[in-house]
Amino acid sequence: GENVEQHPSTLSVQEGDSAVIKCTYSDSASNYFPWYKQELGKRPQLIIDIRSNVGEKKDQRIAVTLNKTAKHFSLHITETQPEDSAVYFCAASTTGGSYIPTFGRGTSLIVHP
Amino acid sequence: NAGVTQTPKFQVLKTGQSMTLQCAQDMNHNSMYWYRQDPGMGLRLIYYSASEGTTDKGEVPNGYNVSRLNKREFSLRLESAAPSQTSVYFCASSEAGGYGYTFGSGTRLTVV
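Model, not experiment: these values are computed from the prediction.

Trainee: Now, about the overall build of chain B: what can you tell me, with residues and values included?
Mentor: What chain B contains, in helices and strands, is 0 helices and 11 strands. Relative to the globule expectation of 13 Å for 112 residues, the C-alpha radius of gyration of chain B, 13 Å, shows essentially globular dimensions. Seen along its three principal axes, the alpha-carbon backbone of chain B occupies a region of about 35 × 25 × 25 Å. Relative to its 112 residues, chain B shows a buried fraction of 48%. Taking contacts inside chain B between residues at least 6 apart in sequence as the whole, the part at least 24 apart equals 55%. Charged side chains of chain B number 10 positive and 8 negative; the gap between the two group centres comes to 7 Å.

Printed below as a string of structure tokens:
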């Protein structure tokens, strides 16, 4: 089955800096890569996703890049703000058949004012 | 439009007691899932239901059972709770292909 590794487990940055979280996956058939943000005590919520037919996707201060050859994808947050502090999860899956995403273990991002 | 609704939000059980966690979605999604979240372990899939009438085991099914009551509802049952089942439980649902994947607000369960 799919295996997703996520690094780092904790990331501490100063407000205004950029943050990058990286995930690698094992199944070359995976073609859908979402990212979720989970604030303390809340549910995970989808913030951005990318499909295998594109290499990069942006939404304001967040972007995701995908390298299918190397089987890794990354979340980039620019101009970080204290409200970006949360746990971020990556996931990988195939969109055909039963959709069962495999999640990374999460990255705790702390943005210091 | 409530999305995915879970009940209860909090529960304390004694070892050996049973309980059922309820989940309902109003997005007409085909697929529903139950996860547990423990510190440092991420989200681990307990059971899922790809469509009404089907259920399958996930990564950590032992000690749990599920019922897909209809398209909207997917319940998780602990028959004999153990302290190792202390966790936060999330229900989720999605359209076919994983579109619109949405989590419920979670149930914090403590087994003493």
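Let us keep going from here.
Trainee: So, the layout of surface pockets: which residues are in play, and what are the values?
Mentor: In this structure, the largest pocket occupies an estimated 780 Å³ of space. Around the largest pocket, the lining comprises 34 residues; the ones closest to its centre are Gln38, Glu39, Gly41 and Lys42 of chain A together with Gln37 of chain B. When grouped by side-chain class, the residues that make up the lining of the largest pocket number 10 nonpolar, 16 polar and 8 charged. Within this model, the second largest pocket holds a volume of roughly 330 Å³. Lining the second largest pocket we find 18 residues, and of these Thr102 and Phe103 of chain A together with Leu43, Arg44 and Glu59 of chain B sit closest to its centre.

Trainee: Let's hear about the sheet that holds strand E7 (residues 64-68) of chain B: which residues, and what values?
Mentor: Residue and element names in this part refer to chain B. Taken together, 4 strands build an open sheet; the order of strands is E1-E3-E8-E7 and the sheet is antiparallel. Two strands bound the open sheet, and with one partner strand each, they are strand E1 (4-7) and E7. Strand-to-strand twist across the sheet, computed as the mean angle between neighbouring axes with direction ignored, equals 15°. Here 3 bridges tie strand E3 (residues 19-25) to strand E8 (residues 74-78), and the two strands are oriented antiparallel to one another. The partner of Thr20 across the bridge, within E8, is Arg77.

About the criteria used
Residues numbered from 1 in each chain as written. Chains lettered and ligands numbered in written order. Predicted model: local features only at pLDDT ≥ 70, side-chain atom pairs only at ≥ 80, totals over all residues. Heavy atoms only, no water. Helix = DSSP H or I, 4+ residues; strand = E, 2+ residues; numbered from the N terminus. Rg over C-alpha atoms; globule rule 2.2 N^0.38 Å. Buried < 20%, exposed > 50% of the residue type's maximum accessible area, 1.4 Å probe, protein only. Contact = heavy atoms within 4.5 Å. Lys, Arg positive; Asp, Glu negative; His and termini not counted. Charge placed at Lys NZ, Arg CZ, Asp CG, Glu CD. 1 Å grid on protein atoms, 1.4 Å probe; cavity = no way out; pocket = protein on both sides within 12 Å on 5 of 7 lines; lining within 4 Å. Points joined across faces, edges and corners; volume = space filled by probe spheres on them. Nonpolar A, V, L, I, M, F, W, Y, C, P; charged D, E, K, R; others polar. Pairing = 2+ DSSP bridges. Axes fitted to C-alpha atoms, helices over the stretch in contact; angles between N-to-C directions.

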